[in-house]
Amino acid sequence: MPKRVLIVDDDKEILLMLDFALKKLGPEYEIVTAMGSLEALEKVEQEQPFDLVVTDYVMKEITGVDLARAVR
């Protein structure tokens, strides 16, 4: 079963770059992206659990620290 990684950033270019880079890790990782913290919270609530969340620190809706607390 692949490890699930959620990438969260409100900058589309950074999100795409991280997505591209992490997909090179191989098929044993499922990479999911979220454009901002609110979308990330929806994905966390609606989908299977994530093994790792990589988040931006400064975002408009919720900071990366607050997002990490909410996900935890």
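These numbers were taken from a predicted model, which means no experiment stands behind them.

Rules behind the numbers
Residues numbered from 1 in each chain as written. Predicted model: local features only at pLDDT ≥ 70, side-chain atom pairs only at ≥ 80, totals over all residues. Heavy atoms only, no water. Helix = DSSP H or I, 4+ residues; strand = E, 2+ residues; numbered from the N terminus. Contact = heavy atoms within 4.5 Å. Expected span 1.5 Å × (residues − 1). Polar contact = N/O pair within 3.5 Å; in protein donor to acceptor, adjacent residues only side chain to side chain. Pairing = 2+ DSSP bridges. Axes fitted to C-alpha atoms, helices over the stretch in contact; angles between N-to-C directions. Salt bridge = Lys/Arg side-chain N within 4 Å of Asp/Glu carboxyl O. Buried < 20%, exposed > 50% of the residue type's maximum accessible area, 1.4 Å probe, protein only.

Asker: Tell me about the environment of methionine 35, residues and numbers included.
Answerer: With respect to the element layout, methionine 35 can be found in strand 2 (residues 29–35). Beyond its immediate sequence surroundings of up to four residues, methionine 35 is in contact with Asp9, Asp10, Asp11, Lys12 and Leu15.

Asker: Residue-level account of helix 1 (residues 12–23), with values.
Answerer: Counting along an α-helix, one turn takes 3.6 residues, and residues three or four places apart therefore face a common direction. Between its first and last C-alpha atoms helix 1 spans 16 Å; for 12 residues at 1.5 Å apiece the expected length is 16 Å, and the two agree. Its side-chain oxygen placed 3.0 Å from the backbone nitrogen of glutamate 13, aspartate 11 serves as the N-cap of helix 1.

Asker: Account for the sheet that holds strand 3 (residues 52–55), naming residues and giving values.
Answerer: Whenever strands of a sheet pair, they do so through backbone hydrogen bonds, lying parallel or antiparallel. Spatially, 3 strands are ordered 2-1-3 in an open sheet, and the strand pairing comes out parallel. Two strands bound the open sheet, and with one partner strand each, they are strand 2 and strand 3. Across the sheet, the mean angle separating the axes of adjacent strands is 20° when strand polarity is ignored. With 4 bridges joining them, strand 1 (residues 3–9) and strand 3 adopt parallel strand pairing. Looking at strand 3, one finds that leucine 6 is bridged to valine 53.

Asker: Describe the pattern of salt bridges, naming the residues involved and giving the relevant values.
Answerer: For the coordinates displayed, the defined rule picks out 5 salt bridges. Close ionic contact of arginine 4 with glutamate 30 constitutes a salt bridge, the shortest N to O distance being 3.2 Å. Of this pair, arginine 4 sits in strand 1 while glutamate 30 sits in strand 2, and the two are 26 residues apart along the sequence. On the basis of relative accessible area, glutamate 30 is assigned to the partly exposed category, the value being 32%. The residue aspartate 66 makes a salt bridge to arginine 69 at a minimum N-O spacing of 3.2 Å. One end of the pair is aspartate 66 and the other is arginine 69, both in helix 3 (residues 64–71) and 3 residues apart, which spans about a single turn. Ionic contacts of the salt-bridge type, sharing partners, join the residues Arg4, Glu30 and Glu47 into one network.

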